[in-house]
Amino acid sequence: MNGLGTVYRKEVRENLRDRRSLFNSVLLGPILFPVLFIGLAYFASSKQQESAEKVLEVPVAGAEYAPNLVGFLEQQGVIIQSAPQDPEAAVKSQDVQVIIRIPEAFAEQWKAGKPAVVEVIADPSRRESSIPMQRVEGLLHAYGAQIGQLRLQLRGVSPTLRSPIMVKEVDLSTPQSRGMLVMIMLPYVLMITAFTGGMHLAIDSTAGEKERKSLEPLLINPVPRWQIMLGKMCATATYAFASLSLTLLAFRFAFPLLPTGALGVDLNLSAKAVGGILLAVAPVVVLAAAMLTTLAALAKSLREAQSYMGLVFMIPMIPSLIFMVNPMKPETWMMAIPMFSQNLLIGEFVRGETVSLLWLALSMGSTLLIGIGFAAVAATLFNRPSIVFSN
Amino acid sequence: MIKVTNLHKSFGKVKAVRGISFEVRDGEITGLLGPNGAGKTTTLRMLYSLLPPDEGEIRIDGLDPTRDAMAIKNTLGVVPDSRGLYTRMSARENIAYFGELHGMTSRDISSRIEELVKTLDMEDFIERRTEGFSQGQRVKVAIARAMVHRPQTVLLDEPSNGLDVMSTRALRRYILGLKNAGHSVILSTHIMQEVAALCDRIIIIANGQIAADGSAGELLEKSGCETLEDAFVRLIGSEEGLLA
């Protein structure tokens with residue numbers, strides 16, 4: 001096993017001198033991702049605040065049919081504008097986000113005591129118009145409720161009679177568990193980091209060594225090839241783990257900087273959560289290192305190896321995407337699925353839940369098992385004579 | 001002492017080596033001469049157990065490369081055709097890495113490197129990173145890392161490829177020094193002058209087979225030529241791929 005240690009130490013030391021390798025493990029995960037994260041959160045919250053607090057300017061078509069309604073809106077601070085000729089076209093072309101149209105029949109229906117139709121013209125599939133649309137609808141409902149109450153009171157009926165049920169929410173979500181954006185993004189970012197952190201080293205120490213013609217001299221040394229392969233794999237895993245830990249620490253220090261007040265969430269990664277996440281994701285690092293080494297050993301050149309790495313990015317994405325579109329309640333069997341289980345576990349740790357040891361063991365065991373499988377494949381590839389031939 | 005009997009190796013349809021047999025005696029320099037593509041590198045790769053032979057037998061000091069690969073690697077010093085160095089490491093670190101892989105202690109490695117620095121004249125660049133080294137400097141580092149564990153048998157695959165005159169002369173002096181120190185040396189080359197200047201025995205390989213085998217005098221006699229150069233050309237059957 002001395003050979004393994006020698007190869008490992010040499011790869012770790014040599015790659016410390018390689019700027020590209022350091023860029024991949026230190027800069028990308030630990031610095032770029034948290035910065036991107038905080039930037040996006042600030043942008044999103046300021047955007048949200050802006051459209052929620054901005055003075056609402058709404059064109060109203062047919063304002064003359066409901067002067068009291070329009071008066072109410074003006075009282076509420078809405079600036080009433082004259083409506084364009086063709087309201088639908090104006091909304092479609094995004095000249096305006098919301099238009100209120102009061103049909104001619106409004107006064108008639110109103111007097112007859114029937115529900116008077118007021119149209120709100122908007123395109124809710126455009127995300128920026130959803131907030132003004134909600135605000136307009138909210139105001140119209142408030143007006144309707146106010147008038148309804150007055151009508152009942154005039155007839156001597158208590159307004160509470162028309163609310164036979166009062167729904168009261170008992171909210172058990174904690175400020176931590178409300179950090180939905182983080183819940184979705186953090187597992188994804190961490191999985192990616194487990195792969196990118198050691199990627200450069202894996203390619204450089206295998207396909208790169210082949211291309212630079214130093215692999216053949218290396219294999220002439222009296223060290224079994226599986227030890228050489230494993231030494232390189234361990235170096236890859238070390239870089240990936242270092243990158244992962246740095247990323248996690250960076251997030252720990254970045255979360256307090258998030259504009260959480262505006263989002264109504266309180267995010268922080270406790271030391272316990274950091275430890276738990278590291279433990280849960282460590283097997284992914286092994287799996288990633290084994291997969292990367294296998295791919296790099298399959299490739300005949302650096303270029304070919306790099307093109308495979310594009311695919312590697314997809315692997316940690318798939319479980320995160322599934323979870324994003326279809327949030328599920330964690331179940332024991334899910335813990336046997338590598339990468340998916342870590343997604344769930346990271347979520348549990350971030351929410352501050354106590355994670356069952358069975359789940360943790362199942363997730364770590366299944367991931368390690370597949371990692372060992374890939375390592376065995378890589379070892380077989382290293383034993384082929386053709387490993388040294390680059391074309 | 002190396003004994004090779006009836007060696008065969010094919011890559012797909014290409015028969016690279018077709019029934020090669022020869023012997024290499026201790027304390028001699030044996031030249032494998034042949035044009036590019038004759039099968040020299042493939043033969044050497046089978047000797048240092050990088051490739052398993054399809055057929056035939058190899059014994060190096062009684063050991064079989066297919067079964068005793070680790071033991072053979074300890075007795076062999078190999079400068080293969082590919083001589084890539086680690087460019088982010090110094091010449092010393094490159095050599096020490098191979099010493100460590102041979103299980104040498106760090107004290108043993110550093111005293112051995114001092115010896116090699118002297119014999120190969122590497123004082124000027126031993127501490128420098130190998131990025132941007134000249135061909136001559138690279139070959140010296142490649143030889144030093146192959147010799148760091150004091151091997152008895154030395155295999156050199158086209159060592160003078162790409163070297164200038166000065167470096168070639170230094171290399172030849174070094175190879176003769178190995179012989180005088182009692183090592184057995186196999187030198188593969190396609191340069192006729194090199195074998196003429198260095199080798200005690202010459203094995204001529206063409207098309208994966210042995211065309212002739214003997215001392216310089218024996219080859220002259222066998223071919224009926226006046227000069228070694230003519231003898232090589234006659235024995236190989238063509239001038240193609242050889243350098244004077």
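Quick note: structure is the one above.
Everything quoted here is computed from the prediction, not taken from an experiment.

J.: Is there a simple way to think about a nonpolar patch on the surface in this case?
T.: All names here are of chain A. Side chains of Phe23, Leu27, Ile31 and Val35 sit close together on the surface and give an oily, nonpolar patch of about 340 Å² of accessible area. Within the secondary structure, Ile31 is located in helix H2 (residues 19-53). Assessed through its relative accessible area of 41%, Ile31 is described here as partly exposed.

J.: How should I be thinking about the pattern of salt bridges in this particular structure?
T.: A side chain of one charge can pair with a side chain of the opposite charge if their charged atoms are brought near each other. The full count for this structure, using the stated rule, is 30 salt bridges over all chains. Between Arg212(A) and Asp204(A) there is a salt bridge, with the nearest N and O atoms lying 3.3 Å from each other. Residue classification places Arg212(A) among the partly exposed positions, given a relative accessible area of 33%. Between Glu57(B) and Arg59(B) there is a salt bridge whose closest N-O contact spans 3.4 Å. Three or more residues are tied together by salt bridges with common partners; here these are Lys10(A), Glu11(A), Glu14(A), Asp18(A), Arg20(A), Asp204(A), Glu209(A), Arg212(A), Lys232(A) and Arg88(B).

J.: Would you take a moment to explain the sheet that holds strand S2 (residues 14-24) of chain B for this structure?
T.: Strand pairing in a sheet relies on backbone hydrogen bonds, with the paired strands running either antiparallel or parallel. Residue and element names in this part refer to chain B. The three strands lie next to each other as S2-S1-S4, forming an open sheet whose pairing is antiparallel. Looking at strand neighbours, the two that pair on one side only are S2 and strand S4 (55-60), the edges of this open sheet. Pairs of neighbouring strands in the sheet enclose a mean axial angle of 20°, with direction left out of account. Sheet topology places strand S1 (residues 2-11) next to S4; five bridges connect them, and they run antiparallel. From the neighbouring strand, Thr5 faces S4, where its bridge partner is Glu57. Relative to the sheet, helix H1 (residues 40-47) contacts S1, S2 and S4, its axis offset from that of S1 by approximately 120°.

J.: Please explain the interface of chain A and chain B as it appears in this structure.
T.: For an interface, size is often stated in terms of accessible area lost upon the parts coming together. With 28 residues of chain A at the contact, the number on the chain B side is 26 residues. Between chain A and chain B, a total of about 2700 Å² is buried, with carbon and sulfur atoms accounting for 59% of that surface. On the chain A side of the contact with chain B, Arg17(A), Ile220(A) and Pro222(A) bury the most area, a combined 25% of that side's loss. One can count seven salt bridges joining chain A with chain B. Taking the shortest distance from any N to any O, the salt bridge between Arg88(B) and Glu14(A) comes out at 3.7 Å. Summed over the shared surface of chain A and chain B, the result is 13 residue pairs in polar contact (both at pLDDT 80 or more). Those elements that place two or more of their residues in the side of chain A that touches chain B are helix H1 (2-16), helix H8 (199-211) and helix H9 (215-219) of chain A. Looking at which element gives the most residues to the side of chain A that touches chain B, the answer is H1(A), with eight residues.

Criteria and cut-off values
- Residues numbered from 1 in each chain as written.
- Chains lettered and ligands numbered in written order.
- Predicted model: local features only at pLDDT ≥ 70, side-chain atom pairs only at ≥ 80, totals over all residues.
- Heavy atoms only, no water.
- Patch = residues over 30% accessible without salt bridge, like charges linked within 9 Å, V, L, I, M, F, W, Y side chains within 5 Å.
- Areas by Shrake-Rupley, 256 points an atom, 1.4 Å probe, with all protein chains shown as cover.
- Salt bridge = Lys/Arg side-chain N within 4 Å of Asp/Glu carboxyl O.
- Helix = DSSP H or I, 4+ residues; strand = E, 2+ residues; numbered from the N terminus.
- Buried < 20%, exposed > 50% of the residue type's maximum accessible area, 1.4 Å probe, protein only.
- Pairing = 2+ DSSP bridges.
- Axes fitted to C-alpha atoms, helices over the stretch in contact; angles between N-to-C directions.
- Contact = heavy atoms within 4.5 Å.
- Buried area = accessible area lost by both parts, 1.4 Å probe.
- Polar contact = N/O pair within 3.5 Å; in protein donor to acceptor, adjacent residues only side chain to side chain.

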